[in-house]
Amino acid sequence: ASIQVFQKLLDLLVESGDVAAARSELNHLIALHGRQPDCSLTEAELYRLEGRSQEALKSIEQYLEDGGKSLRALMIRGLLRLELDDAEQALKDFEEVTQRDPTYESAHFKLAETYRRLGRLELARRHQAEYERIQGIRFEAEELKKLQRSRLPNLQDGPNPHSEN
């Protein structure tokens, strides 16, 4: 199987919380294709799911040192720093994510949470409002997609035998 297929499978397993299967597939990927750049990121996610925050942080740091630029990695590092009671450093990660992608919804949510934790309520309110604004736009876009799909003819049914064409 290709590396991309393995990575998709790993993402699904991590997302579903199946740590044992994900770790098994990660080991299989490494055995077949060697250690890939995203392996440290996946490993960090697995450690985090297992409650091993320090090891997860080391894996994320390794991924970033190896040149990884994923916003997901910065989010995970921010979450880990938050879990390890390093809110100031977590803020830096979440802020970098929103600077690189101002529409990254969960980064605004975590910024609001972290600023609240630090007693910086005005900044917390600002990021909470931005999170809600982005969430509203995403919801509207999904509703428009549903409406558009419902108005398209069902192409699987073939031509309409009652039409005059």
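Draft legend 1. The overall build of the protein chain, seen in detail. Helix and strand counts for the protein chain stand at eight helices and zero strands. When the helices and strands of the protein chain are listed from N to C terminus, the series reads α-α-α-α-α-α-α-α. A principal-axis box enclosing the C-alpha atoms of the protein chain has dimensions of 70 × 50 × 25 Å. Counting over 165 residues, the protein chain shows a buried share of 36%.

Draft legend 2. The arrangement of the environment of Lys-8 in detail. Its location among the elements puts Lys-8 in helix α1 (residues 3–16). Overall, the relative accessible area of 60% leaves Lys-8 in the exposed class.

Draft legend 3. Molecular detail of helix α8 (residues 121–151). Helix length check: α8, at 31 residues, gives a terminal C-alpha distance of 45 Å against a target of 45 Å (1.5 Å per residue), a fit within 8%. Within α8, burial applies to Ala-124, His-127, Gln-128, Tyr-131 and Ile-134. On its buried face, α8 sits against α6 (87–100) and α7 (105–117).

Draft legend 4. Main features of the pattern of salt bridges. Counted by the stated rule, this structure contains 20 salt bridges. Close ionic contact of Glu-88 with Arg-120 constitutes a salt bridge, the shortest N to O distance being 3.6 Å. Of the two residues, Glu-88 is situated in helix α6 and Arg-120 in the loop between α7 and α8; the sequence distance between them amounts to 32 residues. By relative accessible area, which is 32% here, Arg-120 ends up partly exposed. Taken together, the shared-partner salt bridges in this structure form one network comprising Arg-23, Glu-50, Arg-52 and Glu-55.

Draft legend 5. The arrangement of the environment of His-28 in detail. The residue His-28 is located in helix α2 (residues 19–33) in this model. Each C-alpha atom, one on His-28 and one on Phe-6, is 9.0 Å from the other, the two residues being 22 residues apart in sequence.

Draft legend 6. Layout of the packing of aromatic side chains. Under the defined criterion, the tally for this structure stands at one aromatic pair. Ring centres of Phe-109 and Tyr-131 lie 5.0 Å apart, and the angle between their planes is 55°; on these two criteria the pair is classed as tilted. With Phe-109 in helix α7 and Tyr-131 in helix α8, the pair connects residues that are 22 residues apart, well separated along the chain. For Phe-109, a relative accessible area of 31% corresponds to the partly exposed category.

Draft legend 7. Spotlight on the packing of α1 against α2. Contact geometry of α1 with α2 gives a least axis separation of 9 Å together with a crossing angle of 165°. By the criterion of interaxial angle, the relationship of α1 to α2 is roughly antiparallel. Regarding α1 and α2, the two cross each other, and that crossing is left-handed. For the pair formed by α1 and α2, the contact residues are Ile-3, Phe-6, Leu-9, Leu-10, Leu-13 and Val-14 on the first element and Ala-21, Ala-22, Glu-25, Leu-26, His-28, Leu-29, Leu-32 and His-33 on the second. Broken down by class, the residue content of the contact of α1 with α2 amounts to 11 nonpolar, two polar and one charged.

Calculation notes
Residues numbered from 1 in each chain as written. Predicted model: local features only at pLDDT ≥ 70, side-chain atom pairs only at ≥ 80, totals over all residues. Heavy atoms only, no water. Helix = DSSP H or I, 4+ residues; strand = E, 2+ residues; numbered from the N terminus. Buried < 20%, exposed > 50% of the residue type's maximum accessible area, 1.4 Å probe, protein only. Expected span 1.5 Å × (residues − 1). Contact = heavy atoms within 4.5 Å. Salt bridge = Lys/Arg side-chain N within 4 Å of Asp/Glu carboxyl O. Phe/Tyr/Trp six-rings, centres within 6.5 Å; stacked < 30°, edge-to-face > 60°. Axes fitted to C-alpha atoms, helices over the stretch in contact; angles between N-to-C directions. Parallel < 35°, antiparallel > 145°, perpendicular 65-115°, else oblique. Left-handed = near helix turned anticlockwise from the far one by under 90°. Nonpolar A, V, L, I, M, F, W, Y, C, P; charged D, E, K, R; others polar.

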